[in-house]
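Next come the chains, spelled out residue by residue.
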Amino acid sequence: MISARILRGVAGVAGFLIVGELTIRFGLTDDVVFPPPSLVLWEAMGLLADPVFLSGVAITLTNWALGLIASVVIAVPLGVLLGSLASVERATRPLLEFLRPIPSVAIIPLAILLIPVDSMMKVSVIVYASLWPVLINTLYGMHDVDPLAKESLRSFGFGAIDVLRRVSLPSAAPFMLTGVRIAAGIALILAVSAELLAGGTGGIGVFVIQAGSGNRTDLILAATFWAGIIGMVANSLLVLAERRLFHWHQARTGATT
Amino acid sequence: MTRTVRARALVLGIAAALTLAACGGSDTASAPSGGKGLEKTTIKVGALPIPDPAALYIANAKGFFKAEGLTVEPVLIQGGAAALPQIKNGALDISHTNYVSTFLAASKGEKIKVVGDVYQAAPNTFNLMVTKDSPLNSVADLKGKTVLVNTLKNIGTLTVEATLKVAGLTKDDVKFVEKPFPDMANALSTGQGDAAWMTEPFITATQSQSGFRKLADTMSGQTADLPIAAWMATDEWVQKNPKTLAAFQRAIAKAQQLVANDRKEVEAVLGQYTKIDAKTASVITLGTFPTSLNATRLQRVADLMLEYKYIESPLDVKTILVGASG
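Residues numbered from 1 in each chain as written. Chains lettered and ligands numbered in written order. Predicted model: local features only at pLDDT ≥ 70, side-chain atom pairs only at ≥ 80, totals over all residues.

**Student:** How should I be thinking about the sheet that holds strand β9 (residues 213-217) of chain B in this particular structure?
**Tutor:** Pairing between the strands of a sheet comes from backbone hydrogen bonds, and it takes one of two forms, parallel or antiparallel. Residues and elements named next belong to chain B. Taken together, five strands build an open sheet; the order of strands is β7-β6-β8-β5-β9 and the sheet is mixed. For this open sheet the edge positions go to β7 (175-178) and β9, each flanked by a neighbour on one side alone. Strand after strand, the sheet turns through a mean of 35° between neighbouring axes, direction not considered. Pairing analysis gives four bridges linking strand β5 (residues 126-130) to strand β8 (residues 195-199), with the strands arranged antiparallel. The partner of Asn127 across the bridge, within β8, is Met198. Of the strands in this sheet, β5, β6 (146-149), β7, β8 and β9 are in contact with helix α6 (residues 155-166), which crosses β6 at around 140°. (Pairing = 2+ DSSP bridges. Helix = DSSP H or I, 4+ residues; strand = E, 2+ residues; numbered from the N terminus. Axes fitted to C-alpha atoms, helices over the stretch in contact; angles between N-to-C directions. Contact = placed C-beta atoms within 7 Å.)

Written as structure tokens, this is what we have:
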């Protein structure tokens, strides 16, 4: 039952907020100043009527979307190529395994130094960070293709391109989408982090810098609240897309989510 | 078949989006236009969301830049030191910075120039604060204690060191810990530090909300009226854009004159680029807004940095000022 699940989720969130509210109002000593959830939510609602904040959200989301799209455009073909050619994969694997664990946030200062156009700098770090989950999942997907299906097609005289188009790509597609979903979350982290470190003319992170300098912890948290909501919505939409596009895949792998 | 058509449309769309994004970056490098012969008519100027650079926003709002044929796009920066790579690679043309960061960079051989004075300390604009029931009552009590500053090895630690000296202490008698301004109050209340070097609006907020006390004004005696903030640009930019710089300096000087004479001008513009509300703006202590770039006054900062070993050899500030007097 979906409605029962949603109900339980809402109860969990409400419980968390109430505990937070009570702890901050009565549990903390008067000396520690921290905005309670009720104030943060109130300010968060107020931000919906703040044109500066909204244009900032638009800037952050534009960078996010461009970065995510570019990383898909790069990582999916690359993953398919590496996944199809075992020798090339073996040759590039050490480099990939070296680059992948570098915390993407750590390359932001380098990007600030090297890329003079602000939006380009931000999109670049997003691309760098979200490349990996898409690439690695595409690779997994390509490895996971049923060898029997490939063999069957080959024995019927289909060429390599046809095997790729009719078997490998459809079979790997659900993995790719999962990679995109993971990348979407990482891309949002990078979009906001780049703004926090580099500033800019607008954005969720830029708004947070402003709020911090003005001693407005409530506004910092309210902006963070919306960043969280955006991440959650993006994730839910992609989960929905996975379910609708690839329900056959879930049936095959026995996934129940 | 519809599936491949759709896929192709998607690919085309993505390609178009990327092309547009690539083109979007080049619109700022506009060619000289207008009768003033400016090398550059649109410039990006970095500024922190604090009271110091009020003149930038006033000059924009009152059309002083426009009158010079200049379009100024303010960009919020994260800090003076963080803006340095941005002026070096051209992401910013001019940026707000603090003197200590700038002189540190200059002494390390960075080719940068100070092109305008922005902000100067006044009494009670940078205080060492303690909680209301803190056992500390004088600077001498800080021996062996932890002092919170927003950035290590910068203006905070420098002026605290000068304050310690008066009480017969040195930097080795305290422990400096880095903490962002918004987190300092709670850090003091929870015992993560014993005193914090704060500025406005945090001084006023912690005094009124939590009853914090001032232990010392770090801008007194040797550091009284210490120059704080400046406009900086790279040597290269200054050489390539002399007319643009002169136009910027003329326009910002007009605005600086206004804020120097009337704090209401500052209060009115704060809401535009900071999150300091009108009520807070009317009660916080402001520094002063110098209307000239004075070498003698700024040399004090470099000499102070030499005395406390922030720089290793004397720095003649005249060599890095553009458009200075005195």
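**Student:** Help me understand the environment of Arg93(A), please; the structure alone is not making it clear to me.
**Tutor:** All names here are of chain A. If you trace the backbone, Arg93 turns up in helix α4 (residues 86-99). Classification of Arg93 by C-beta neighbours within 10 Å gives exposed; the count is 12. Here the alpha-carbon distance between Arg93 and Leu196, two residues 103 residues apart in the chain, equals 33 Å. (Buried ≥ 20, exposed ≤ 12 C-beta atoms within 10 Å, placed from the backbone.)

**Student:** I'm lost on the domain arrangement of chain A in this one. Help?
**Tutor:** Where interface size is given, it is often the accessible area lost as the parts come together that is meant. Examined at the domain level, chain A breaks down into domain 1 (1-32) and domain 2 (35-253). For domain 1 of chain A versus domain 2 of chain A, the distance between C-alpha centres works out to 30 Å. (Domains from an automatic or database assignment.)

**Student:** Just checking my understanding: could you explain the domain arrangement of chain B for this structure?
**Tutor:** Residue and element names in this part refer to chain B. The domain architecture assigned to chain B consists of domain 1 (32-120 + 226-320) and domain 2 (126-223). Contact residues are listed per partner, giving 14 residues for domain 1 and 12 residues for domain 2. For the side of domain 1 that touches domain 2, the secondary-structure elements that each account for two or more residues are α5 (99-107), α12 (278-283) and α13 (295-307). The residue inventory of the side of domain 1 that touches domain 2, partitioned by class, reads 10 nonpolar, four polar and no charged. (Nonpolar A, V, L, I, M, F, W, Y, C, P; charged D, E, K, R; others polar.)

**Student:** For this particular structure, what's the right way to read the interface of chain A and chain B?
**Tutor:** Facing 33 residues of chain A, the contacting portion of chain B comprises 35 residues. Among the elements of the structure, α3 (51-84), α5 (108-114), α6 (118-143), α8 (160-198), α9 (204-213) and α10 (217-245) of chain A are those that each provide at least two residues to the side of chain A that touches chain B. The leading source of residues in the side of chain A that touches chain B is α9(A), at six residues. Across the side of chain A that touches chain B, the residue classes tally to 20 nonpolar, 10 polar and three charged.

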